[in-house]
Amino acid sequence: MTAATTRTDIAAALTDLLFTPGLDLAEAVDRHFAPDYRQRTDGRWDDREEFTAHIAHLREIVAGGEIQVLEELVQGDRYADRHIVDVRKTDGSAVRMEVYLFGELAADGRFRRIEETTLMLQGADADRNLGSAR
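In short, a report on the structure. (Residues numbered from 1 in each chain as written. Predicted model: local features only at pLDDT ≥ 70, side-chain atom pairs only at ≥ 80, totals over all residues. Heavy atoms only, no water.)

**A short note on a nonpolar patch on the surface**
So, step 1. Taken together, the side chains of Tyr100, Leu119 and Leu121 make up a nonpolar region of the molecular surface, amounting to roughly 260 Å² of accessible area.
So, step 2. Here Leu119 is to be found in strand β6 (residues 111-122).
So, step 3. Among the residues examined, Leu119 registers a relative accessible area of 41% and is labelled partly exposed. (Patch = residues over 30% accessible without salt bridge, like charges linked within 9 Å, V, L, I, M, F, W, Y side chains within 5 Å. Areas by Shrake-Rupley, 256 points an atom, 1.4 Å probe, with all protein chains shown as cover. Salt bridge = Lys/Arg side-chain N within 4 Å of Asp/Glu carboxyl O. Helix = DSSP H or I, 4+ residues; strand = E, 2+ residues; numbered from the N terminus. Buried < 20%, exposed > 50% of the residue type's maximum accessible area, 1.4 Å probe, protein only.)

Given below as structure tokens:
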């Protein structure tokens, strides 16, 4: 991305990462996340490489889904939202999570940092760590 591109948001990022079959993982990550990206989910920090491994794992177990942004706020390089992710897994089960997210955007509009907390609304106990599973 260049400085002339528009900023990303969580709906676009998650759609490309998880719900767009055929989109190359590296391309999806590059589109939405800066080279120095890091993320904390439910207290666990990951760098961009660890985050990419997490998404690669999710791509193996997620058959489809959708994201619903309930609230979103952007002020300068700060980003915050509350969203619900509905996931249909390859085993036929469903998971619904509510996510509270605070982030920082790089100058080119990609995410530089995300810190989020997840709340499982529907799914098996084994899916509680879906936000950081590998």
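**Some remarks on the packing of aromatic side chains**
So, step 1. Scanning the entire structure with this criterion turns up five aromatic pairs.
So, step 2. Both rings, one in Phe33 and one in Phe51, keep their centres 4.8 Å apart while their planes meet at 55 degrees; by these two values the pair is tilted. With a gap of 18 residues between them, Phe33 in strand β1 (residues 33-41) and Phe51 in helix α3 (residues 48-61) connect regions that are remote in the sequence. The burial state of Phe33 is the same as that of Phe51; both residues are buried.
So, step 3. Here the aromatic cluster, defined as three or more aromatic residues joined through ring pairs, consists of Phe33, Tyr37, Phe51, Tyr79 and Phe111.
So, step 4. Arg38 extends its terminal NZ or CZ atom over the ring of Trp45, reaching a point 4.1 Å from the ring centre. (Phe/Tyr/Trp six-rings, centres within 6.5 Å; stacked < 30°, edge-to-face > 60°. Lys NZ or Arg CZ within 6 Å of the ring centre and 35° of its normal.)

**Quick look at the nonpolar core**
So, step 1. Ile10, Leu17, Leu18, Phe33, Ile55, Phe111 and Ile114 are the most contacted members of the largest nonpolar core, which has 28 residues in total.
So, step 2. Sorting the residues of this core by element identifies α1 (10-18), α2 (25-32), β1, α3, β3 (62-75), β4 (78-89), β5 (94-105) and β6 as the ones contributing at least two each.
So, step 3. When neighbours within four sequence positions are excluded, Ile55 is seen to be in contact with Leu17, Leu18 and Leu25. (Core = buried A, V, L, I, M, F, W, Y, C linked by side-chain atoms within 4.5 Å. Contact = heavy atoms within 4.5 Å.)

**Focus on the packing of α1 against α3**
So, step 1. Two numbers describe how α1 lies on α3: the axes approach to 9 Å, and their chain directions differ by 60 degrees. Here α1 is positioned oblique relative to α3, judged by the angle of their axes. Taken together, the residues of α3 that come into contact with α1 (itself represented by Asp16, Leu17 and Leu18) are Phe51, Ile55, Leu58 and Arg59.
So, step 2. Considering only residue class, the contact of α1 with α3 consists of five nonpolar, no polar and two charged. (Axes fitted to C-alpha atoms, helices over the stretch in contact; angles between N-to-C directions. Parallel < 35°, antiparallel > 145°, perpendicular 65-115°, else oblique. Nonpolar A, V, L, I, M, F, W, Y, C, P; charged D, E, K, R; others polar.)

Scope: geometric values only; no functional claims are made or implied.
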